[in-house]
Amino acid sequence: MAKELASLMKNELANVEASAILQFDKDISQIPGIVKLTLGEPDFNTPDHVKKAGEASIAADHSHYTQSPGLPALRQAIAAFLANKYRAHYDPETQIITTIGASGAIYASLTAILNPGDEVIVPIPTFPQYLPIIKLNGATPVYIDTSVDNFVLTPEKLAATLAAHRDKVKAIVLNYPTNPTGVTYRRAELEAFVAILRQYDIFVISDEIYSELTYGAPHVSLGELLPDQTLLINGVSKSHAMTGWRIGYVAGPAAVIAKVGLVHQLTATAAATMAQEAALEALQAGPDDGLKMQVEYQSRRDYLVQQLNELGFTTAKPAGAFYVFARIPERFGHDSLAFAYRLAKEAQVAVIPGSAFPAGEGYLRISYAASMTKLETACQRLAAFVAAN
Ligand SMILES: Cc1ncc(COP(=O)(O)O)c(C=O)c1O
């Protein structure tokens, strides 16, 4: 009986697989003494002042629903944060929805805009989660493989892909700083994209969740450069080490946000009240909390990139987020899953195989959201493994 019922389920789910990253992480977590550089989560704790705001919310019995788009004060704080940091101006009343993490914002945004048969341009490699959501909505991802251009989307490829798909394309998903490569785009590059994107009636889903973790130059948002077409996605998960609190948001044109808000309402009603109050404190009293962590991430990045390069793993120097995307040296072959399992079993170092990302085969994603001590241990073990093989 159960088997028959399972065969009656939504067709699109047949094309959707569970997260390869979470599966790999689960598999290797059993290995005793393993050093994990796998997950994309800050190793920092949520700042104390933010935790206290969460505790105070619970103590004050703020255990009721909020308005579906989120507490008005939180939406005002989000609007102020986006305006002050990124010159992106949104009306808190009509242009911002507080969601369950950035994940909730991605799901609500894509679900609100996609019809079956639509196409969505996705530069790859990228955060894999967009793809099943696109497919669940009956739409099709159209990939732009950036691996041949040092993982940088070029205006030429963007223009050519849009032109070739102009009949069906509904949206493009951009993520920068990019998971898994750490590549980010500066103002001039974004302006070149904007000049092209303006020529099409398409949505730009701009996932800027790593915006506070850029190295070298401040982040520039498409919320500033292309507000009429952009659904700007962000949240406090990475900027304030608050992944478990599950607070993200989406900002965009009012008429579009109204519909995105409907999907959010139907799936979540509202984000958790105490988590919203903690996020309010984070954005209002600690808008620069992320910058302190960013300094630490930057020195870890420099250390890791240097070590990897010395061991023969070539990497582009990542300019944001907390990942290094490293090419496996030729003599170890191209099979990243096999290499990552070997490394986990023989050297007790866990990294994500590039094959977890489309166009990522032959690479490893190494997260430096881990203490310097862990990074040093991992690099020593990797060096011993490389020397022995
Ligand atoms: C690019 C990108 N977007 C969104 C998310 C999800 O963020 P959240 O935990 O706020 O749902 C992640 C998490 O790793 C990510 O890497």
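Anything mentioned here points back to the structure above.
Residues numbered from 1 in each chain as written. Predicted model: local features only at pLDDT ≥ 70, side-chain atom pairs only at ≥ 80, totals over all residues. Heavy atoms only, no water.

## Side note on the overall build of the protein
Within the protein, the regular secondary structure consists of 14 helices and 13 strands. Against the 2.2 N^0.38 benchmark of 21 Å for 389 residues, the protein shows a C-alpha radius of gyration of 21 Å, consistent with a compact globule. When its C-alpha atoms are laid out on the principal axes, the protein stretches across 60 × 60 × 55 Å. For the protein, buried positions account for 54% of its 389 residues. By sequence separation, contacts in the protein at least 24 residues apart represent 75% of the contacts at least 6 residues apart. Accessible surface computed for the protein: about 16,500 Å², of which carbon and sulfur atoms make up 54%. Computing the positive centroid from 31 side-chain charges and the negative centroid from 38, the protein places the two 3 Å apart. (Helix = DSSP H or I, 4+ residues; strand = E, 2+ residues; numbered from the N terminus. Rg over C-alpha atoms; globule rule 2.2 N^0.38 Å. Buried < 20%, exposed > 50% of the residue type's maximum accessible area, 1.4 Å probe, protein only. Contact = heavy atoms within 4.5 Å. Areas by Shrake-Rupley, 256 points an atom, 1.4 Å probe, with all protein chains shown as cover. Lys, Arg positive; Asp, Glu negative; His and termini not counted. Charge placed at Lys NZ, Arg CZ, Asp CG, Glu CD.)

## Things to note about the sheet that holds strand β9 (residues 314-315)
Judged by pairing direction, the sheet is antiparallel, and its 4 strands sit side by side in the order β9-β10-β13-β12 without closing on themselves. Each of the sheet's edge strands pairs with one partner strand only, and the pair in question is β9 and β12 (352-353). By the bridge criterion, 2 bridges tie β9 to strand β10 (residues 323-327) in an arrangement that is antiparallel. Across the sheet, T315 pairs through a bridge with A326, a residue of β10. (Pairing = 2+ DSSP bridges.)

## Some thoughts on the sheet that holds strand β8 (residues 247-251)
Reading across the sheet, the 7 strands line up as β2-β8-β7-β6-β5-β3-β4 and stay open at both edges, with mixed pairing between neighbours. The sheet terminates laterally at β2 (96-100) and β4 (140-145), the two strands that pair on one side only. In this sheet, neighbouring strand axes are inclined to one another by 25° on average, regardless of whether the strands run parallel or antiparallel. Pairing of strand β3 (residues 119-124) with strand β5 (residues 169-175), which is carried by 3 bridges, proceeds in the parallel orientation. By the bridge assignment for β5, E119 is matched with V169. Lying on the sheet, helix α4 (residues 72-86) is in contact with β2, β7 (230-235) and β8; it crosses β2 at an angle near 105°. (Axes fitted to C-alpha atoms, helices over the stretch in contact; angles between N-to-C directions.)

## Considering the pairing of β5
A large share of β5 lies buried, amounting to 7 of its 7 residues. Regarding topology, helix α8 (residues 187-197) serves as the crossover connection from β5 to the parallel strand β6 (residues 203-207), and that connection is right-handed. (Right-handed = clockwise from strand over helix to strand, strands pointing away.)

## Brief notes about empty space enclosed by the protein
Using the criterion set out here, one finds 3 cavities of 30 Å³ or more in the structure. In this model, the largest cavity occupies a volume close to 120 Å³. Taken together, 14 residues line the largest cavity, and the ones lying closest to its centre are P123, P125, N175, T178 and Y185. Looking at the lining of the largest cavity, the elements that each hand over two or more residues are β3 and β5. When its residues are assigned to classes, the lining of the largest cavity shows 10 nonpolar, 4 polar and no charged. Each pocket or cavity is described by its volume, and for the second largest cavity that value is around 60 Å³. Counting only elements with at least two residues in the lining of the second largest cavity, the list comes to α12 (289-310) and α14 (372-388). A per-element tally of the lining of the second largest cavity places α14 first, with 3 residues. When its residues are assigned to classes, the lining of the second largest cavity shows 10 nonpolar, no polar and no charged. (1 Å grid on protein atoms, 1.4 Å probe; cavity = no way out; pocket = protein on both sides within 12 Å on 5 of 7 lines; lining within 4 Å. Points joined across faces, edges and corners; volume = space filled by probe spheres on them. Nonpolar A, V, L, I, M, F, W, Y, C, P; charged D, E, K, R; others polar.)

## Regarding the layout of surface pockets
In this structure, the largest pocket spans a volume of roughly 900 Å³. What lines the largest pocket is a set of 37 residues, and nearest its centre among them are S19, I21, F127, P128 and Q129. At the level of secondary structure, the elements contributing two or more residues to the lining of the largest pocket comprise α2 (20-29), α5 (101-113) and α6 (130-136). A class-by-class count of the residues in the lining of the largest pocket yields 19 nonpolar, 11 polar and 7 charged. Composition of the lining of the largest pocket by domain shows at least three residues from each of domain 1 (2-46 + 289-388) and domain 2 (49-285). Reported here for the second largest pocket is a volume of approximately 200 Å³. (Domains from an automatic or database assignment.)

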